[in-house]
Amino acid sequence: MPSPAPAAGRTAKGPHKAQQAFQRGLVALAQWVEREGTDRPVPRAHGEEIAVDGEAETAVVKLGVWVSDARAGATSSPPTGSPRS
């Protein structure tokens, strides 16, 4: 029977991975703003290639989706008791 320690380790990584993804989104957004400026919105389908610390390869951040989700408050829940149409 497997020990419960590996499962606990996996759940502990969840918030850390979310934090890493958020930080990558911020890096990608800063890179976009530096290159494109603030006058042009990020297209939803845009992917921004960024360098990742400690890795030789680059990563592509789905920046358009990240910005859209951030504006919509993807991590927040809707207020309780409010009707949805």
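For the structure itself, look to the data block above.
What counts and what doesn't
The numbering scheme is per chain: residues are counted from 1 as the chain's sequence reads. Local features in this predicted model are restricted to residues whose pLDDT is 70 or higher, and side-chain atom pairs enter the listing and the counts only when it is 80 or higher, whereas totals over whole chains, interfaces and linings include all residues. With hydrogens and water stripped out, all remaining heavy atoms of the structure feed into the side-chain values. A helix here means a DSSP run of H or I that spans at least four residues, while a strand means a run of E at least two residues long, and both kinds are numbered starting from the N terminus. Relative accessible area decides the class of each residue, using a 1.4 Å probe on protein chains only: under 20% of the type maximum gives buried, over 50% gives exposed, and in between gives partly exposed. Only heavy atoms enter the contact rule, under which two residues are in contact if any of them lie within 4.5 Å. Each accessible area is a Shrake-Rupley result for a 1.4 Å probe, and residues are judged covered by the shown protein chains and nothing else. Pairing between strands is defined by DSSP: at least two bridges between them are needed. Salt bridges are defined by distance alone: a side-chain nitrogen of Lys or Arg within 4 Å of a carboxyl oxygen of Asp or Glu. Residues adjacent in sequence count toward polar contacts only when both atoms are side-chain atoms; beyond that, a polar contact is any pair of N or O atoms within 3.5 Å, and within protein one must be able to donate a hydrogen and the other to accept it. Side-chain atoms within 4.5 Å are what join buried Ala, Val, Leu, Ile, Met, Phe, Trp, Tyr and Cys residues into a set we call a nonpolar core.

Undergrad: What is the right way to read the overall build of the protein chain from this model?
TA: In terms of helices and strands, the protein chain carries 2 helices and 2 strands. Scored against the burial criterion, the 85 residues of the protein chain give a buried share of 15%. Looking at the protein chain alone, contacts between residues at least 24 apart form 33% of all its contacts between residues at least 6 apart. Summing over all exposed atoms, the protein chain offers an accessible surface of approximately 6900 Å²; the carbon and sulfur share of this is 56%.

Undergrad: Even after reading the chapter, I still don't get the pairing of strand β1 (residues 48-51), so can you show me in this structure?
TA: Regular strands have side chains that alternate between both faces of the sheet. The alternating pattern of β1 places E48 and I50 on a buried face, while none of E49 and A51, on the opposite face, is buried. As defined by bridge partners, β1 adjoins strand β2 (residues 58-61) across 4 bridges and the pair is classed as antiparallel. Residue pairing for β2: E49 is matched across the bridge by V60.

Undergrad: Is there a simple way to explain the pattern of salt bridges in this structure?
TA: Note that side chains of opposite charge can pair when their charged atoms are close. Applying the stated criterion across every chain, the model contains 3 salt bridges. The salt bridge partner of R40 is E36, with a shortest N-O separation of 2.9 Å. Using a relative accessible area of 43% as the deciding quantity, one classes R40 as partly exposed. In the salt-bridge network here, residues are joined through shared partners; they are R35, E36, R40 and E48.

Undergrad: Is there a simple way to think about the side chain of E48 in this case?
TA: Turning to its location among the elements, E48 is positioned in strand β1. A polar contact of 2.8 Å, which involves the side chain of E48, links it to the side chain of Q31. A polar side-chain atom of E48 sits 2.6 Å from a polar atom in the side chain of H46.

Undergrad: Would you explain the nonpolar core in this entry?
TA: One recurring pattern in soluble globular proteins: nonpolar side chains tend to sit buried together. One finds A28, W32, V42, I50, V61, L63, W66 and V67 forming the largest nonpolar core, which totals 8 residues. The element best represented in this core is helix α2 (residues 63-72), accounting for 3 residues. When neighbours within four sequence positions are excluded, I50 is seen to be in contact with R24, V27, A28, Q31, T58, A59 and V61.

Undergrad: Would you mind showing me how to read the pairing of β2 here?
TA: Side chains A59 and V61 project from β2 onto a buried face, and the interleaved T58 and V60 project onto a face without burial. In sequence, β1 turns back onto β2 through a hairpin of 6 residues, with G54 there showing a positive phi of about 80°.

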